[in-house]
Amino acid sequence: MNKIPTHVAVIMDGNGRWAKERGLKRSEGHREGAKTLENLILYAKKVGIKVLSVYTFSTDNFKRSQEEVDFLMNLLILYFNEKLEKVCKEEVRVVFSGRKEPLRKDVLDAMQNIMEKTKNNTKCILNVCFNYGGQEEIVDASLKIHEDLVEHKLKKEDLNRETFYHYLYQDLPPIDLLIRTGKEHRLSNFMLYQAFYAELYFVDTYFPDFDDACFDEALRYYESCNRRFGNAED
Ligand code: IPE
Ligand code: IPE
Ligand code: MG
């Protein structure tokens, strides 16, 4: 492939429907989705993607049953504790985006642990959006900006659309390719600021079935895009 996106973001949707179609519990879909994610990380690194952002749990997902919320929290801990070694070996640095409140201490500890263990890895960044909301991120950034203005750490004239990134949960480059699996064509409050010129790729495949071939197809779509960023064609 000639043109590889620097930052790919994935809205990993359809785990529940994947499970329902097979007569399984929703949790089985999430378990399968976690396996798919592991593969996706390794593949993204292999093809040279520098930043991979994944939507694993939205602030609005707390509306789901306590059973499902608990399952997803425990899955995160298990996932990072079990996969930790492999991820480190693969030179992937793990960072998180989202609010800490109201996450459990054991969940926060697992996050801290993986961040710490992978902090010197440089090949690829995995940005795990967990308890994440795009509007919340912009509100939280605005509050930090207000604080820095009041404390004279930031001058009003130095704030612009590039410097605004320093105030987001992670200071990452903008999204080049945004993939959503699972039939819906919406952002569901995902990385609203960073997606401003992202190429959008929607695919019907439910996330547990999203394999390397599906990812290649998304990359081919990206390769075919003519990104103008507001400029005129010459
Ligand atoms: C995405 O799959 C994973 C999370 C939101 C945690 P869903 O659980 O939303 O699956 P569907 O959309 O109900 O099929
Ligand atoms: C978005 O999916 C959140 C994640 C993939 C983690 P949802 O399933 O929560 O989104 P809606 O409710 O269909 O918009
Ligand atoms: Mg969904």
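Residues numbered from 1 in each chain as written. Chains lettered and ligands numbered in written order. Predicted model: local features only at pLDDT ≥ 70, side-chain atom pairs only at ≥ 80, totals over all residues. Heavy atoms only, no water.

(A) Layout of the overall build of the protein chain. For the protein chain, the count of helices and strands is six helices and six strands. From first element to last, N terminus to C terminus, the protein chain shows the α and β order β-α-α-β-α-β-α-β-α-β-β-α. Over its C-alpha trace the protein chain gives a radius of gyration of 18 Å, about what one expects of a compact globule, namely 17 Å for 234 residues. In terms of overall dimensions, the protein chain has C-alpha extents of about 55 × 50 × 35 Å along its principal axes. The buried share of the protein chain, taken over its 234 residues, is 49%. In the protein chain, the proportion of contacts linking residues at least 24 apart, taken out of those at least 6 apart, comes to 77%. Accessible surface computed for the protein chain: about 12500 Å², of which carbon and sulfur atoms make up 49%. Seen as two clouds, the 35 positive and the 39 negative side-chain charges of the protein chain have centres 2 Å apart. (Helix = DSSP H or I, 4+ residues; strand = E, 2+ residues; numbered from the N terminus. Rg over C-alpha atoms; globule rule 2.2 N^0.38 Å. Buried < 20%, exposed > 50% of the residue type's maximum accessible area, 1.4 Å probe, protein only. Contact = heavy atoms within 4.5 Å. Areas by Shrake-Rupley, 256 points an atom, 1.4 Å probe, with all protein chains shown as cover. Lys, Arg positive; Asp, Glu negative; His and termini not counted. Charge placed at Lys NZ, Arg CZ, Asp CG, Glu CD.)

(B) Fine view of the nonpolar core. Counting 45 residues, the largest nonpolar core has Val10, Leu52, Phe130, Ile179 and Phe215 as the members making the most contacts within it. Per-element accounting of this core gives the leading share, nine residues, to helix α3 (residues 66-89). With near-sequence residues (within four places) excluded, Phe130 lies in contact with Thr56, Phe57, Met73, Leu76, Phe96, Ser97, Gly98, Arg99, Leu103, Val107 and Met111. If you look at the next biggest cluster of nonpolar residues, it comprises twelve residues, including Ala9, Tyr132, Leu178 and Ala195. (Core = buried A, V, L, I, M, F, W, Y, C linked by side-chain atoms within 4.5 Å.)

(C) Region of interest: unusual backbone geometry. Each neighbour pair has its own omega, and for Glu101 with Pro102 the value is 0°, a cis peptide bond. Within the fold, Pro102 resides in the loop between β3 (92-97) and α4 (105-118). Even without a glycine there, the phi angle at Asn131 is positive, about 55°. Relative to the assigned elements, Asn131 resides in strand β4 (residues 124-132). Judged by its relative accessible area of 2%, Asn131 is buried.

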